[in-house]
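Chains, contacts and geometry: an overview
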Amino acid sequence: MPVLSNLAVRDIETLVHPYSNLAAFRDTGPMIIDRAEGVFVYDTEGKGYIDGMAGLWCTALGYGNEELVQAAAAQMRKLSFAHLFNGKSHDPAIELAERLKDIAPIPVSKIFFCNSGSEANDTQIKLVWYLNNALGRPKKKKIISRIKGYHGVTIAAASLTGLPNNQIDFDLPIANIVHTSCPHHYRFGKEGESEEDFATRLAVEFDELIVREDPGTVAAFIAEPVMGAGGVIVPPKTYFEKIAAVCQKYDLYVISDEVICGFGRLGTMFGCQSFGFKPHGLSIAKALSSAYLPIAAVTVPDIMYEAMLTESRKIGTFGHGFTYSGHPVSAAVAVKTLEIYARDRIVEKVAAKVPLFQARLRALDQHPLVGEARGMGLIAGVELVADKDTKRSFEPSKGVAAQCVRFAEAEGLIVRSVIGDTLTICPPLVITSAEIDALFDRLTRALDRTLDWTKRL
Ligand SMILES: Cc1ncc(COP(=O)(O)O)c(C=O)c1O
């Protein structure tokens, strides 16, 4: 057992850690991060790590960006808080909404602000229900998401999420949430089935699911362009066009959860643009402020806004909103973040770095432990298997990917492991080519150490 520092002991006695094995954690204690600069974070011992996960898929511009610090400080001095309730407003929220409308890849009437991806997706569900009540379709309420999709942890968002740990013993999912198949060709494609044929089969299954549920009760479909926390799953070729056709057939409201893929992650400003996928609404968060402060948003198209007006004429107040919806300091930081993305041509620069990132990633396919090295843009998943030929996974209780994460940390790299022994990689967008090389060099050494370790199991 490691010797725990005083700070670590205080942590164990005071904090409930999100997304941690609470029982195991009592022995291992925390990794306490003290400071960060660029793409590097440093622990309390002074050891530096490449942050291969951009925090939690969010610190797009890296750490210590003085312009963002200044934007926050200046706004705090000028107007530290103001809200948007009861018709009140402020300049940073207005400016941010205008900028988002300008860069959105779909027609947007209005922007609704929240503080997290979960709140954004909860808001989407409530707005879809509102829409269908306004349109006189009170039975059309079910939302379809996908197995292994990740949409957050609040009660409704966790219900959309298609991962077991978010639901078991939380008494979830709630009613009116339905899950369709996961578009992961490596795991769920049949022997000899092409990506296109797999996509066709998924669209047929989706159609059949809607028919089984009764199309008159199905209201919406939500998807991440590339699934993140489910293991970085890139959909098979032609997937979104085939799924979109089914959505259109049954008049579903389509939501792209851009919480990870938004703002350049895939080499396009929004993830849906990488697939020619045209949703009605977007959920955005994380890189919106490069994670300097919490802020998220939902884009509202005309049809939705008209429905909200109809409801308001009937009910009066639109009874939804958070104290910190459009918080002026978060909004000012987000405005500055968008300014930097445009001025520094961050998305074009990401696109230029993708070939190196993806080449280094694909080379991992040769490693004896790697079943599939997959990804797109600057996001990747590396699935570890016990047998490459049969794709047999390790016993989950062995914690092979979790062990690889620890070896990576010893090598000075932070990555994450998710269900299915998959390592996830999602560095800050500002990572340099030399840092990409260093990231994969460190990861390769961690995989080699993990391979030795599995031989001793
Ligand atoms: C695609 C996606 N949607 C929603 C969320 C939930 O966001 P939050 O943790 O800010 O509630 C996440 C978080 O990782 C996410 O990856």
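A short tour of the structure in this document, coming up. If you're wondering where the values come from, they're calculated on a predicted model, not measured in any experiment. Sequence order as written defines the numbering, with residues in each chain counted from 1. Per-residue local features are limited, in this predicted model, to residues with pLDDT of at least 70; the limit for side-chain atom pairs, both in listing and counting, is 80 or more; totals at the level of whole chains, interfaces and linings are taken over all residues. Heavy atoms throughout the structure, all of them, feed into the side-chain values; hydrogens and water do not.

**Quick look at the overall build of the protein chain**
Secondary structure is summarised from DSSP: a helix means a run of H or I of at least four residues, a strand means a run of E of at least two, and numbering begins at the N terminus for each. From N to C terminus, the protein chain includes 15 helices and 15 strands. Radius of gyration: C-alpha atoms only; globule rule: 2.2 Å multiplied by the number of residues to the exponent 0.38. Radius of gyration (C-alpha) of the protein chain: 22 Å, near the 23 Å computed for a compact globule of 457 residues. Overall size of the protein chain, expressed as C-alpha extent along the three principal axes, is 70 × 60 × 45 Å. Within the protein chain, buried positions represent 52% of all 457 residues. Contacts were defined at the residue level, with two residues in contact if any of their heavy atoms lie within 4.5 Å. Of the contacts made within the protein chain by residues no fewer than 6 positions apart, 70% connect residues no fewer than 24 positions apart. Accessibility here uses a 1.4 Å probe with only protein chains present; expressed as a share of the type maximum, an area under 20% marks a residue as buried, one over 50% as exposed, and anything in between as partly exposed.

**Comments concerning the sheet that holds strand β13 (residues 413–414)**
Each pair of strands is called paired provided DSSP finds at least two bridges between the two strands. Judged by pairing direction, the sheet is mixed, and its 4 strands sit side by side in the order β1-β2-β3-β13 without closing on themselves. The open sheet has two edge strands with one neighbour each: β1 (33–37) and β13. As defined by bridge partners, strand β3 (residues 48–51) adjoins β13 across 2 bridges and the pair is classed as parallel. Bridge pairing in β13 places I50 opposite L413. Lines fitted to the C-alpha atoms define the axes, with helices restricted to the stretch that makes contact. Angles between their N-to-C directions range from 0 to 180 degrees. Helix α15 (residues 433–455) rests against β2 (40–43), β3 and β13 of the sheet, and its axis sits at about 105° to β3.

**Considering the environment of V405**
On the secondary structure map, V405 appears in helix α14 (residues 400–410). If we skip the residues at most four places from it in the chain, V405 touches V415, R416, S417 and L423.

**Focus on the sheet that holds strand β9 (residues 281–284)**
With respect to topology, 7 strands assemble into an open sheet ordered β4-β10-β9-β8-β7-β5-β6, the strand pairing being mixed. For this open sheet the edge positions go to β4 (110–114) and β6 (177–180), each flanked by a neighbour on one side alone. This sheet shows a mean twist of 20° between the axes of neighbouring strands, independent of strand direction. Across 4 bridges, strand β7 (residues 218–223) lies against strand β8 (residues 253–257) in parallel orientation. The partner of I222 across the bridge, within β8, is I255. Contacts from helix α6 (residues 117–134) reach β4, β5 (142–146), β6, β7, β8, β9 and β10 (296–300), with the element oriented near 25° to β10.

**What to know about the packing of helix α4 (residues 66–78) against helix α12 (residues 328–343)**
Helix packing for two helices is described by the angle between their axes and how far apart those axes are. For the pair α4 and α12, interaxial distance at closest approach is 8 Å and the crossing angle is 150°. Judged by the angle between their axes, α4 and α12 are roughly antiparallel. Relative to α12, the crossing made by α4 is right-handed. Between α4 and α12, the residues in contact are E67, L68, A71, A72, Q75 and M76 and P328, V329, A332, V333, K336, T337, I340 and R343, respectively. As a working rule, the residues Ala, Val, Leu, Ile, Met, Phe, Trp, Tyr, Cys and Pro are called nonpolar, Asp, Glu, Lys and Arg charged, and the rest polar, with Gly in that last group. Across the contact of α4 with α12, the residue classes break down as 9 nonpolar, 2 polar and 3 charged. We call two directions roughly parallel when the angle between them is under 35 degrees, roughly antiparallel when it is over 145, roughly perpendicular when it lies between 65 and 115, and oblique otherwise. Crossing handedness is defined as follows: a turn of the near helix away from the far one that is anticlockwise and smaller than a right angle gives a left-handed crossing, while the clockwise case is right-handed.

**Things to note about the site of the ligand**
Put simply, a residue is near a molecule or strand once any heavy atom of it comes within 4 Å of that molecule or strand. The ligand sits among S116, G117, S118, N121, Y150, H151, G152, E224, D257, V259, I260 and K286. Residue Y150 places a main-chain N or O atom 3.4 Å away from a nitrogen atom belonging to the ligand. For the ligand, the protein covers 84% of the area, taking 390 Å² as the surface of the free molecule. Broken down by element, the shell around the ligand gets its largest block of residues, 3 residues, from α6. Two N or O atoms form a polar contact when they lie within 3.5 Å of each other; inside protein one atom must be a possible hydrogen donor and the other a possible acceptor, and for residues adjacent in sequence the pair counts only when both atoms belong to side chains. Residue burial considers only the protein chains on display, and all accessible areas are found by Shrake-Rupley using a 1.4 Å probe.

**Focus on unusual backbone geometry**
Each neighbour pair has its own omega, and for L172 with P173 the value is 5°, a cis peptide bond. Turning to its location among the elements, P173 is positioned in the loop between α7 (155–160) and β6. Even without glycine at this site, N176 takes up a positive phi of about 75°. Locating N176 in the fold gives a position in the loop between α7 and β6. We note that D214 has phi near 90°; this positive angle belongs to a residue other than glycine. The topology assignment puts D214 in the loop between α9 (195–213) and β7. Among the residues examined, D214 registers a relative accessible area of 39% and is labelled partly exposed.

**With respect to the pairing of β3**
Judged from the 3 bridges that link them, β2 and β3 form a sheet pairing that is antiparallel. Residue pairing in the sheet places F40 in a bridge with I50 of β3. Hairpin connection from β2 to β3: 4 residues lie between these consecutive antiparallel strands, with G46 at a positive phi of about 90°.

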